[in-house]
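Analysis of the macromolecular model
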Amino acid sequence: SLNLIIPTNQPTMDSEIAFDYSPLLKIYKSGRIERLMGETAVPPSLTPENGVISKDVVYSPDDNLSVRVYLPEKAADTDEKLPLLVYFHGGGFIIETAFSPTYHNFLTAAVSASDCIAVSVDYRRAPEHPLPISFDDSWTSLKWVFTHIAGSGPESWLNKHADFGKVFLAGDSAGANIAHHMAMRAAKEKLSPELSDSGIFGIILVHPYFWSKAPVDDKETTDAAVRPNNKDGVDDPWLNVVQSDSVDISGLGCGKVLVLVAEKDALVRQGWGYKAKLEKNGWKGKVELVESEGEDHVFHLTRPDCENALEAMKKFAGFIKGEM
(Lines give C-alpha, C1' and ligand atoms only; values in the text may rest on other atoms or scores of the structure.)
Protein backbone atom coordinates (compact mmCIF):
# COMPACT_ATOMS: atom_id res chain seq x y z
CA SER A 1 0.00 0.00 0.00
CA LEU A 2 1.04 3.60 -0.60
CA ASN A 3 1.37 5.83 2.44
CA LEU A 4 0.64 9.48 1.66
CA ILE A 5 2.07 12.01 4.05
CA ILE A 6 -0.31 14.96 4.30
CA PRO A 7 1.45 18.10 5.55
CA THR A 8 -0.43 19.81 8.35
CA ASN A 9 0.92 23.30 7.70
CA GLN A 10 -1.01 25.08 4.95
CA PRO A 11 1.05 27.06 2.43
CA THR A 12 1.31 30.72 3.30
CA MET A 13 -0.13 33.46 1.10
CA ASP A 14 3.44 34.28 0.10
CA SER A 15 3.94 30.90 -1.54
CA GLU A 16 0.52 30.68 -3.23
CA ILE A 17 0.65 31.79 -6.84
CA ALA A 18 -2.17 34.05 -8.03
CA PHE A 19 -0.92 34.45 -11.63
CA ASP A 20 1.83 32.51 -13.38
CA TYR A 21 3.29 34.36 -16.35
CA SER A 22 6.31 32.08 -16.71
CA PRO A 23 8.92 32.46 -18.12
CA LEU A 24 8.55 36.17 -17.30
CA LEU A 25 7.17 36.46 -13.80
CA LYS A 26 4.90 35.06 -11.08
CA ILE A 27 2.51 37.07 -8.93
CA TYR A 28 1.76 35.62 -5.49
CA LYS A 29 -1.45 36.05 -3.53
CA SER A 30 0.45 38.13 -0.99
CA GLY A 31 1.14 40.64 -3.79
CA ARG A 32 4.80 39.68 -4.05
CA ILE A 33 6.21 39.74 -7.59
CA GLU A 34 8.86 37.23 -8.61
CA ARG A 35 10.54 38.21 -11.87
CA LEU A 36 12.08 35.20 -13.56
CA MET A 37 14.27 37.02 -16.06
CA GLY A 38 15.93 40.37 -16.71
CA GLU A 39 16.88 40.97 -13.07
CA THR A 40 20.67 40.56 -13.39
CA ALA A 41 22.53 43.86 -13.36
CA VAL A 42 26.00 44.77 -14.58
CA PRO A 43 27.88 47.84 -13.35
CA PRO A 44 28.82 50.79 -15.57
CA SER A 45 32.48 51.00 -16.55
CA LEU A 46 35.01 53.79 -16.96
CA THR A 47 37.27 51.19 -18.56
CA PRO A 48 36.28 51.22 -22.25
CA GLU A 49 34.05 48.39 -23.50
CA ASN A 50 33.86 48.37 -27.27
CA GLY A 51 35.47 51.83 -27.08
CA VAL A 52 32.65 53.11 -24.86
CA ILE A 53 32.66 54.25 -21.21
CA SER A 54 29.60 54.48 -18.99
CA LYS A 55 28.32 55.79 -15.66
CA ASP A 56 25.07 55.81 -13.68
CA VAL A 57 23.39 59.06 -12.67
CA VAL A 58 20.25 59.57 -10.56
CA TYR A 59 17.56 61.54 -12.43
CA SER A 60 14.71 61.17 -9.92
CA PRO A 61 15.93 61.18 -6.30
CA ASP A 62 12.35 60.87 -4.97
CA ASP A 63 11.85 57.51 -6.66
CA ASN A 64 15.54 56.51 -6.64
CA LEU A 65 15.61 56.21 -10.44
CA SER A 66 18.79 56.39 -12.52
CA VAL A 67 19.96 56.55 -16.09
CA ARG A 68 23.10 54.99 -17.51
CA VAL A 69 25.09 57.41 -19.66
CA TYR A 70 27.34 56.07 -22.45
CA LEU A 71 30.13 58.00 -24.18
CA PRO A 72 32.68 57.01 -26.84
CA GLU A 73 35.98 57.07 -24.96
CA LYS A 74 37.73 58.93 -27.79
CA ALA A 75 35.40 61.91 -27.22
CA ALA A 76 36.03 62.09 -23.46
CA ASP A 77 39.07 64.41 -23.65
CA THR A 78 37.63 66.58 -26.44
CA ASP A 79 34.87 69.18 -26.66
CA GLU A 80 33.22 67.26 -29.48
CA LYS A 81 29.42 67.49 -29.66
CA LEU A 82 27.71 64.21 -30.49
CA PRO A 83 24.14 63.21 -31.40
CA LEU A 84 22.21 62.36 -28.23
CA LEU A 85 20.31 59.07 -28.03
CA VAL A 86 17.76 58.56 -25.23
CA TYR A 87 16.91 54.85 -25.01
CA PHE A 88 13.97 53.13 -23.28
CA HIS A 89 14.40 49.40 -22.60
CA GLY A 90 11.82 46.78 -23.48
CA GLY A 91 10.32 43.94 -21.45
CA GLY A 92 6.56 44.39 -21.75
CA PHE A 93 6.63 47.18 -19.12
CA ILE A 94 7.24 44.45 -16.50
CA ILE A 95 10.72 42.93 -16.80
CA GLU A 96 14.28 44.04 -17.62
CA THR A 97 16.12 47.19 -16.52
CA ALA A 98 18.51 49.69 -18.03
CA PHE A 99 21.31 47.89 -16.17
CA SER A 100 20.80 44.32 -17.38
CA PRO A 101 23.62 42.72 -19.43
CA THR A 102 21.25 42.60 -22.42
CA TYR A 103 20.75 46.38 -22.53
CA HIS A 104 24.24 47.31 -21.36
CA ASN A 105 25.72 45.28 -24.22
CA PHE A 106 23.22 46.65 -26.74
CA LEU A 107 23.82 50.30 -25.78
CA THR A 108 27.60 49.85 -25.77
CA ALA A 109 27.39 48.43 -29.31
CA ALA A 110 24.89 51.09 -30.47
CA VAL A 111 26.99 53.99 -29.14
CA SER A 112 30.12 52.53 -30.72
CA ALA A 113 28.38 52.08 -34.10
CA SER A 114 26.53 55.42 -34.03
CA ASP A 115 29.28 57.62 -32.54
CA CYS A 116 26.75 59.24 -30.21
CA ILE A 117 26.29 59.90 -26.51
CA ALA A 118 23.44 57.85 -25.02
CA VAL A 119 21.20 57.94 -21.97
CA SER A 120 19.56 54.61 -21.12
CA VAL A 121 16.51 55.15 -18.91
CA ASP A 122 15.39 53.00 -16.00
CA TYR A 123 11.70 53.39 -15.10
CA ARG A 124 9.29 51.81 -12.62
CA ARG A 125 7.56 48.70 -13.90
CA ALA A 126 4.11 47.14 -13.85
CA PRO A 127 2.37 45.41 -12.18
CA GLU A 128 3.49 47.08 -8.93
CA HIS A 129 3.51 50.41 -10.78
CA PRO A 130 0.70 50.22 -13.37
CA LEU A 131 0.63 52.27 -16.55
CA PRO A 132 1.08 55.16 -17.05
CA ILE A 133 3.79 55.29 -14.33
CA SER A 134 6.51 54.06 -16.71
CA PHE A 135 5.53 56.87 -19.11
CA ASP A 136 5.61 59.46 -16.33
CA ASP A 137 9.07 58.29 -15.22
CA SER A 138 10.31 58.37 -18.81
CA TRP A 139 9.03 61.93 -19.22
CA THR A 140 10.77 62.92 -15.97
CA SER A 141 14.01 61.44 -17.34
CA LEU A 142 13.63 63.34 -20.61
CA LYS A 143 13.04 66.62 -18.78
CA TRP A 144 16.15 65.87 -16.72
CA VAL A 145 18.14 65.28 -19.93
CA PHE A 146 16.97 68.64 -21.30
CA THR A 147 18.19 70.50 -18.19
CA HIS A 148 21.61 70.15 -19.91
CA ILE A 149 20.57 72.04 -23.06
CA ALA A 150 22.45 75.22 -22.06
CA GLY A 151 25.47 73.25 -20.85
CA SER A 152 24.77 73.82 -17.17
CA GLY A 153 22.98 70.65 -16.07
CA PRO A 154 24.08 68.26 -13.30
CA GLU A 155 25.87 65.73 -15.58
CA SER A 156 29.21 66.82 -17.09
CA TRP A 157 29.21 64.42 -20.06
CA LEU A 158 25.85 65.74 -21.26
CA ASN A 159 26.89 69.38 -20.73
CA LYS A 160 30.06 68.87 -22.70
CA HIS A 161 29.13 66.43 -25.46
CA ALA A 162 25.37 66.35 -26.14
CA ASP A 163 24.24 68.05 -29.36
CA PHE A 164 20.70 69.14 -28.52
CA GLY A 165 20.03 69.82 -32.19
CA LYS A 166 20.29 66.06 -32.80
CA VAL A 167 18.26 64.32 -30.10
CA PHE A 168 16.96 60.84 -30.91
CA LEU A 169 14.54 58.72 -28.89
CA ALA A 170 14.62 54.95 -29.31
CA GLY A 171 13.50 51.75 -27.67
CA ASP A 172 12.52 48.17 -28.36
CA SER A 173 9.13 46.54 -27.75
CA ALA A 174 7.53 48.35 -24.76
CA GLY A 175 10.44 50.83 -24.91
CA ALA A 176 9.54 51.66 -28.52
CA ASN A 177 5.98 52.32 -27.36
CA ILE A 178 7.41 54.69 -24.72
CA ALA A 179 9.60 56.46 -27.31
CA HIS A 180 6.51 57.08 -29.47
CA HIS A 181 4.53 58.51 -26.56
CA MET A 182 7.44 60.72 -25.47
CA ALA A 183 7.67 62.20 -28.99
CA MET A 184 3.91 62.82 -28.93
CA ARG A 185 4.09 64.54 -25.54
CA ALA A 186 7.17 66.59 -26.47
CA ALA A 187 5.14 68.18 -29.27
CA LYS A 188 2.50 69.33 -26.76
CA GLU A 189 4.55 70.13 -23.66
CA LYS A 190 7.87 71.98 -23.65
CA LEU A 191 10.79 69.84 -22.51
CA SER A 192 12.75 73.04 -21.93
CA PRO A 193 12.03 76.79 -22.06
CA GLU A 194 15.03 77.00 -24.44
CA LEU A 195 13.15 75.09 -27.15
CA SER A 196 11.09 76.50 -30.00
CA ASP A 197 9.89 73.02 -31.06
CA SER A 198 9.65 69.51 -29.58
CA GLY A 199 13.43 69.19 -29.29
CA ILE A 200 13.28 65.68 -30.79
CA PHE A 201 15.04 65.18 -34.13
CA GLY A 202 14.01 61.57 -34.81
CA ILE A 203 12.79 58.33 -33.22
CA ILE A 204 13.71 54.69 -33.76
CA LEU A 205 11.05 52.11 -32.90
CA VAL A 206 12.47 48.57 -32.72
CA HIS A 207 9.77 45.87 -32.87
CA PRO A 208 7.26 48.31 -31.29
CA TYR A 209 4.73 46.99 -28.78
CA PHE A 210 1.40 48.30 -30.08
CA TRP A 211 -1.63 46.04 -29.87
CA SER A 212 -5.41 45.81 -29.89
CA LYS A 213 -8.13 43.18 -29.71
CA ALA A 214 -8.93 43.45 -33.42
CA PRO A 215 -6.23 42.36 -35.89
CA VAL A 216 -4.57 45.03 -38.04
CA ASP A 217 -5.16 43.03 -41.21
CA ASP A 218 -5.72 39.47 -42.43
CA LYS A 219 -2.02 38.68 -41.98
CA GLU A 220 -2.12 39.29 -38.22
CA THR A 221 -3.31 36.16 -36.47
CA THR A 222 -1.41 35.65 -33.22
CA ASP A 223 -1.89 37.22 -29.82
CA ALA A 224 0.84 39.31 -28.20
CA ALA A 225 2.22 38.19 -24.87
CA VAL A 226 2.02 40.14 -21.65
CA ARG A 227 -0.44 42.88 -20.89
CA PRO A 228 0.22 45.26 -18.04
CA ASN A 229 -2.68 45.47 -15.60
CA ASN A 230 -4.90 48.21 -16.93
CA LYS A 231 -8.66 48.30 -17.25
CA ASP A 232 -8.94 48.27 -21.04
CA GLY A 233 -6.34 45.53 -21.55
CA VAL A 234 -4.74 45.80 -24.98
CA ASP A 235 -7.30 48.35 -26.15
CA ASP A 236 -5.92 50.82 -23.63
CA PRO A 237 -4.96 53.97 -25.64
CA TRP A 238 -1.34 53.59 -24.43
CA LEU A 239 -1.18 50.30 -26.35
CA ASN A 240 -3.76 50.63 -29.12
CA VAL A 241 -1.95 53.37 -31.02
CA VAL A 242 -2.27 51.96 -34.52
CA GLN A 243 -5.92 50.90 -34.87
CA SER A 244 -7.80 53.21 -32.57
CA ASP A 245 -9.56 55.96 -34.52
CA SER A 246 -9.47 58.14 -31.43
CA VAL A 247 -5.64 58.06 -31.31
CA ASP A 248 -4.27 60.77 -33.63
CA ILE A 249 -0.52 60.49 -34.27
CA SER A 250 -0.26 63.25 -36.88
CA GLY A 251 1.24 65.55 -34.24
CA LEU A 252 4.25 63.28 -33.63
CA GLY A 253 6.99 65.63 -32.47
CA CYS A 254 9.88 64.73 -34.77
CA GLY A 255 10.78 64.88 -38.45
CA LYS A 256 12.19 61.38 -39.01
CA VAL A 257 11.09 57.91 -37.93
CA LEU A 258 12.77 54.56 -38.42
CA VAL A 259 10.67 51.46 -37.67
CA LEU A 260 12.46 48.11 -37.42
CA VAL A 261 10.28 44.98 -37.49
CA ALA A 262 10.90 41.22 -37.58
CA GLU A 263 9.01 38.96 -40.00
CA LYS A 264 8.04 36.26 -37.45
CA ASP A 265 7.22 38.68 -34.61
CA ALA A 266 3.59 38.66 -33.45
CA LEU A 267 3.83 42.47 -33.49
CA VAL A 268 5.13 42.81 -37.07
CA ARG A 269 1.84 43.98 -38.62
CA GLN A 270 1.52 46.67 -35.94
CA GLY A 271 4.87 48.10 -37.06
CA TRP A 272 3.69 48.20 -40.67
CA GLY A 273 0.36 49.67 -39.53
CA TYR A 274 2.17 52.41 -37.59
CA LYS A 275 4.09 53.46 -40.72
CA ALA A 276 0.88 53.46 -42.78
CA LYS A 277 -0.97 55.52 -40.16
CA LEU A 278 1.79 58.15 -40.04
CA GLU A 279 1.71 58.43 -43.83
CA LYS A 280 -2.10 58.65 -43.98
CA ASN A 281 -2.72 60.93 -41.02
CA GLY A 282 -1.06 64.09 -42.25
CA TRP A 283 2.20 63.82 -40.30
CA LYS A 284 4.77 65.89 -42.18
CA GLY A 285 7.93 63.87 -41.55
CA LYS A 286 9.68 60.97 -43.26
CA VAL A 287 9.25 57.37 -42.11
CA GLU A 288 11.25 54.33 -43.18
CA LEU A 289 10.53 50.71 -42.24
CA VAL A 290 13.00 47.83 -42.39
CA GLU A 291 11.93 44.20 -41.88
CA SER A 292 14.33 41.46 -40.77
CA GLU A 293 13.36 38.30 -42.65
CA GLY A 294 12.91 35.05 -40.77
CA GLU A 295 13.45 36.67 -37.37
CA ASP A 296 11.36 36.84 -34.19
CA HIS A 297 10.72 39.51 -31.55
CA VAL A 298 13.90 41.28 -30.30
CA PHE A 299 16.12 38.60 -31.86
CA HIS A 300 18.94 41.16 -32.06
CA LEU A 301 19.20 41.28 -28.25
CA THR A 302 19.71 37.52 -27.85
CA ARG A 303 21.79 37.03 -31.03
CA PRO A 304 23.58 40.37 -31.49
CA ASP A 305 26.27 38.92 -33.76
CA CYS A 306 23.99 37.23 -36.31
CA GLU A 307 23.88 38.71 -39.79
CA ASN A 308 20.38 40.20 -39.50
CA ALA A 309 21.21 41.79 -36.12
CA LEU A 310 24.35 43.38 -37.56
CA GLU A 311 22.29 44.65 -40.50
CA ALA A 312 19.65 46.10 -38.13
CA MET A 313 22.39 47.80 -36.09
CA LYS A 314 23.77 49.32 -39.30
CA LYS A 315 20.33 50.81 -40.02
CA PHE A 316 19.99 52.01 -36.40
CA ALA A 317 23.41 53.68 -36.44
CA GLY A 318 22.96 55.07 -39.95
CA PHE A 319 19.74 56.79 -38.89
CA ILE A 320 21.55 58.55 -36.02
CA LYS A 321 24.49 59.46 -38.28
CA GLY A 322 22.11 61.06 -40.77
CA GLU A 323 22.44 58.42 -43.50
CA MET A 324 18.66 57.92 -43.91
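Worth saying up front: this structure is predicted, and the values here are computed from it rather than measured.

Re the side chain of His300
Position of His300 relative to the elements: it lies in helix H6 (residues 299-302). Once residues lying within four places of it in the same chain are set aside, the contact partners of His300 are Phe106, Val206, His207 and Ala309.

Brief notes about the packing of aromatic side chains
Taken as a whole and assessed by the stated rule, the structure comprises 11 aromatic pairs. Arranged with centres 5.1 Å apart and planes meeting at 20 degrees, the rings of Phe210 and Tyr274 form a pair that is stacked. Taken together, the residues span a long stretch of sequence, with Phe210 in the loop between strand S9 (202-206) and strand S10 (256-262) and Tyr274 in helix H5 (residues 268-280) at a distance of 64 residues. A relative accessible area of 0% means that Phe210 is categorised as buried. Here the aromatic residues Tyr87, Tyr103, Phe106 and Phe316 are joined through ring pairs into a cluster of three or more. The residue whose ring lies beneath Arg32 is Tyr28, and the NZ or CZ to ring-centre distance is 4.1 Å.

Re the confidence of the model for the chain
A residue-level look at the chain finds 91% of positions with pLDDT of 70 or above and a mean pLDDT of 91. Here residues 1-10 is a poorly scored stretch, pLDDT under 50, and it has 0 contacts once near neighbours within four places are set aside; other chains count.

Notes on the nonpolar core
Counting 63 residues, the largest nonpolar core has Leu84, Leu169, Ile203, Leu252, Val257 and Tyr274 as its most contacted members. With 8 residues, helix H4 (residues 174-188) is the single largest residue contributor to this core. Setting aside anything within four residues of it in sequence, one finds Ile203 in contact with Leu169, Ala179, His180, Ala183, Leu252, Cys254, Lys256, Val257, Leu258, Tyr274 and Phe319. Residues Tyr87, Phe106, Phe168 and Met313 belong to the second largest nonpolar core, which totals 25 residues.

Considerations on the packing of helix H2 (residues 133-146) against H4
H4 packs onto H2 with a crossing angle of 60 degrees between their chain directions and a minimal axis gap of 10 Å. By the angle between their axes, H2 is oblique relative to H4. As H2 packs across H4, the resulting crossing turns out to be right-handed. For the pair formed by H2 and H4, the contact residues are Ser134, Phe135, Asp136, Ser138, Trp139 and Leu142 on the first element and Asn177, Ile178, His181, Met182, Arg185 and Ala186 on the second. Residues of the contact of H2 with H4, tallied by class, amount to 6 nonpolar, 4 polar and 2 charged.

Describing the sheet that holds strand S1 (residues 17-21)
What the 3 strands build is an open sheet, ordered S1-S2-S3; its pairing is antiparallel. Taken across any chain shown, the strands that pair with only one partner, and hence form the sheet edges, are S1 and strand S3 (33-35). Adjacent strand axes in the sheet meet at a mean angle of 10 degrees when their direction is disregarded. Pairing between strand S2 (residues 25-28) and S3: 3 bridges, direction antiparallel. Bridge assignment links Leu25 to a residue of S3, and that residue is Arg35.

Details of unusual backbone geometry
Omega for the peptide link from Ala126 to Pro127 comes to 0 degrees, which places this bond in the cis form. Look at Glu96: it is not a glycine, yet its phi comes out positive at around 75 degrees. Mapped onto the elements, Glu96 comes out in the loop between strand S6 (82-88) and helix H1 (101-114). Within the chain, His207 stands out as a residue other than glycine whose phi angle is a positive 50 degrees.

What about the state of the cysteines?
Here the structure, examined in full by the defined rule, presents 0 disulfides. Cysteine Cys116 remains unbridged, with the sulfur of Cys254 as its closest cysteine sulfur at 16 Å. For Cys116, a relative accessible area of 0% gives the class buried. Given a relative accessible area of 10%, Cys254 falls into the buried group.

Comments concerning the UniProt feature "active site" (unreviewed entry) in the chain
When the UniProt feature table is mapped onto this chain, "active site" (unreviewed entry) is found at Ser173. Of note, Ser173 is situated in the loop between strand S8 (162-172) and H4. Setting aside residues no more than four positions away along its own chain, Ser173 makes contact with Gly90, Val206, His207, Pro208, Tyr209, His297 and Val298.

Definitions and limits used
Residues numbered from 1 in each chain as written. Predicted model: local features only at pLDDT ≥ 70, side-chain atom pairs only at ≥ 80, totals over all residues. Heavy atoms only, no water. Helix = DSSP H or I, 4+ residues; strand = E, 2+ residues; numbered from the N terminus. Contact = heavy atoms within 4.5 Å. Phe/Tyr/Trp six-rings, centres within 6.5 Å; stacked < 30°, edge-to-face > 60°. Buried < 20%, exposed > 50% of the residue type's maximum accessible area, 1.4 Å probe, protein only. Lys NZ or Arg CZ within 6 Å of the ring centre and 35° of its normal. pLDDT = per-residue confidence, 0-100. Core = buried A, V, L, I, M, F, W, Y, C linked by side-chain atoms within 4.5 Å. Axes fitted to C-alpha atoms, helices over the stretch in contact; angles between N-to-C directions. Parallel < 35°, antiparallel > 145°, perpendicular 65-115°, else oblique. Left-handed = near helix turned anticlockwise from the far one by under 90°. Nonpolar A, V, L, I, M, F, W, Y, C, P; charged D, E, K, R; others polar. Pairing = 2+ DSSP bridges. Disulfide = S-S within 2.5 Å. UniProt positions renumbered as here; feature names shortened; annotations may be inferred.

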